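Report on the structure
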Amino acid sequence: MKRRTDQFYLVREDMLPEAMLKTVEAKKLLESGRVEKVSEAASEVDMSRSAFYKYKDGIFPFHTMVKEKIITLSIHLEDQSGALSRLLAIIAEEGGNVLTINQTIPLQGRATLTISIETAAMTTNINRLVQKVEALDPVERVEVIGSGT
């Protein structure tokens, strides 16, 4: 029998097993950048890596489940053929829906884009999306300049 993965429960914190609570703490350490590796986070909160991997995709603080629905990014990029196309492909791959694009005329080989993205259907978090966009060769800088519903 296949288990349903689309069913959620709201559970009071004191009812959760210690391993789940430690998983949340380890995820916070990783997201904050205080540690870089899962092994470091697991060690810091005194849990095994296997327990972390068991629970990491199944427990989230309540506030993270209420996602921002729209973000606006400011992106500085070099004027290269196909740069915007590659940028939009990354957003689409991650499930983002582009609502608006404003681009300045490239001056001295550089342009500034302001892109508003609906994030409700995204398969990744906003920080990961920004990292992927920053990794594009023509991208010089990415900033989240707004978020909301």
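Relevant structure appears above.
The structure contained in this document is the topic of the report that follows. (Residues numbered from 1 in each chain as written. Predicted model: local features only at pLDDT ≥ 70, side-chain atom pairs only at ≥ 80, totals over all residues. Heavy atoms only, no water.)

What follows concerns unusual backbone geometry. With a phi angle near 60°, Asp 46 is a residue other than glycine that sits in the positive phi range. The residue Asp 46 is located in the loop between helix 2 (38-44) and helix 3 (49-55) in this model. (Helix = DSSP H or I, 4+ residues; strand = E, 2+ residues; numbered from the N terminus.)

Taking 1.5 Å per residue, 15 residues should reach 21 Å; helix 1 (residues 18-32) reaches 21 Å between its end C-alpha atoms and fits that length. Taken residue by residue, helix 1 has Met 20, Lys 22, Thr 23, Val 24, Ala 26, Lys 27 and Leu 29 as its buried positions. Structurally, helix 1 contributes buried residues whose contacts are with helix 2 and helix 3. Of the residues trailing helix 1, Gly 33 is marked for its positive phi of about 85°. (Expected span 1.5 Å × (residues − 1). Buried < 20%, exposed > 50% of the residue type's maximum accessible area, 1.4 Å probe, protein only. Contact = heavy atoms within 4.5 Å.)

Looking now at the nonpolar core. Ile 75, Leu 87, Leu 129 and Val 133 are the most contacted members of the largest nonpolar core, which has 18 residues in total. Within the residue set of this core, elements represented by two or more residues are strand 1 (70-78), helix 5 (83-93), strand 3 (110-118), helix 6 (126-134) and strand 4 (139-148). For Leu 87, the residues in contact, after removing those within four places along its chain, are Ile 75, Leu 113, Ile 115, Val 133 and Leu 136. Residues Ala 26, Leu 29, Met 47 and Phe 52 belong to the second largest nonpolar core, which totals ten residues. (Core = buried A, V, L, I, M, F, W, Y, C linked by side-chain atoms within 4.5 Å.)

If you trace the backbone, Leu 129 turns up in helix 6. When its relative accessible area of 0% is taken as the criterion, Leu 129 is described as buried.

Such coordinate-based values are descriptive only and should not be taken to indicate function.
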